[in-house]
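Below are the chains, spelled out letter by letter.
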Amino acid sequence: MQHMAAAAAATALFIGAGSGAITTMNSARPPAPVEAQNPMVAGAAMLASESIYASAAHSPEHATLVAELKAAGLTGTLQAPGDYTVFAPTDTAYAALGQARVAAMLKPDAAAKDARYLIVKGRYDSATLLKLINENGGQVRLKTVEGGTLTAMLNGPSNIALIDGKGNVADISIYDIYQNNGVIQVIDKVVLPG
């Protein structure tokens, strides 16, 4: 019994900063590499050694986003070195817009505008977003590659929400998928420029 208590005491519970992921780590082991700490998306590993585009292409939840990125001509940009944050809607989020709207979004002209609105230059992980939100009176405006603005703010005590140019709200549902050229934040709705 004392052995079990000692083992339990040696195991600490860590909650990922804003990720919602709970993992246990034995204090006798060194921390896992970043790749092992990246959250999985629908059972698919998101490796930090890969590019944003490669991870999105491997994700079973982001086929529509990948199609939009291809139509927009952004595959090379999101495979190349750089610092980007992509707010990545799931296929379910796109489906909520309706088939006709999604088909229109996948045309090159619309994709060039809409897909660029999902991308912000710089690495904005949850810790950075929370810090900026707190330093700026409860919300921070992020300039997108498209030229528009996304507003990040808290939705509840710890969840970060985005407000798009039309006033629609999306929550970050999977936080901090670190990549070799930035970070992916999975969102539950599609955000669109105004």
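Each chain carries its own residue numbering, running from 1 in the direction its sequence is written. Only residues with pLDDT of at least 70 are given local features in this predicted model, and only at 80 or more are side-chain atom pairs given and counted; all residues enter the totals for whole chains, interfaces and linings. To obtain the side-chain values, all non-hydrogen atoms of the structure were used and water was disregarded.

Draft legend 1. Main features of the pairing of strand β6 (residues 149-154). In terms of strand pairing, strand β5 (residues 139-143) meets β6 through 5 bridges, oriented antiparallel. Each residue of the ladder has a partner; that of R141, found in β6, is T151. What sits between the antiparallel neighbours β5 and β6 is a turn of 5 residues, in which G147 has the positive phi angle 105 degrees. The pairing criterion for strands is at least two bridges between them, as found by DSSP. The secondary structure listing takes helices from DSSP runs of H or I that are at least 4 residues long and strands from runs of E that are at least 2 residues long, numbered from the N terminus. The pairing of β6 with strand β7 (residues 160-163) spans 4 bridges and is antiparallel. Considered in β7, the bridge of M153 is made with A161. Between the end of β6 and the start of β7, which pair antiparallel, lie 5 residues, with G156 showing a positive phi angle near 100 degrees.

Draft legend 2. Quick look at helix α8 (residues 126-135). Every buried residue of α8 is listed here: S126, L129 and I133. For α8, the angular spread of buried residues about the axis comes to 65 degrees, placing them on one side. Of the exposed residues in α8, those oriented more than 90 degrees away from the buried face are K131 and N134. Two residues form a contact once any of their heavy atoms are found within 4.5 Å. Of the surrounding secondary structure, the elements contacted by the buried residues of α8 are β5, β6, β7, β8 (169-179) and β9 (182-187). The first or second residue beyond α8 is G137, which carries a positive phi of 70 degrees. Buried means the residue's accessible area, taken with a 1.4 Å probe over protein chains only, is under 20% of the maximum for its type, while exposed means over 50%, and partly exposed covers the values in between. Working definition: the arc comes from the directions between the helix axis and the C-beta atoms, pointing outward to the latter.

Draft legend 3. Just the nonpolar core, in detail. Counting 45 residues, the largest nonpolar core has L69, L78, F87, L142, A152 and V191 as the members making the most contacts within it. Apart from the residues lying within four places of it in its own chain, the contact partners of F87 are L118, V120, L142, L150, L162, I172, Q185 and I187. Throughout, nonpolar core names a set of buried Ala, Val, Leu, Ile, Met, Phe, Trp, Tyr and Cys residues whose side chains join them through atoms within 4.5 Å.

Draft legend 4. A look at the pairing of β9. By the criterion of burial, β9 is predominantly enclosed, with 6 of the 6 residues buried. Alternating residues of β9 divide into G182, I184 and V186 and V183, Q185 and I187, and every residue in both groups is buried. With 6 bridges joining them, strand β3 (residues 84-89) and β9 adopt parallel strand pairing. Each residue of the ladder has a partner; that of P89, found in β9, is I187. Note: β8 against β9, 5 bridges, orientation antiparallel.

Draft legend 5. Representation of the sheet that holds β9 in the model. In spatial order, the strands read β4-β3-β9-β8-β7-β6-β5; together these 7 strands make up an open sheet with mixed pairing. Each edge of the sheet is formed by a strand with only one pairing partner; in this case those strands are β4 (119-121) and β5. Looking at each pair of strands side by side, their axes are set apart by 30 degrees on average, direction ignored. Each axis is a line fitted through C-alpha atoms, and for a helix only the stretch in contact is used; angles between axes span 0 to 180 degrees, taken between their N-to-C directions.

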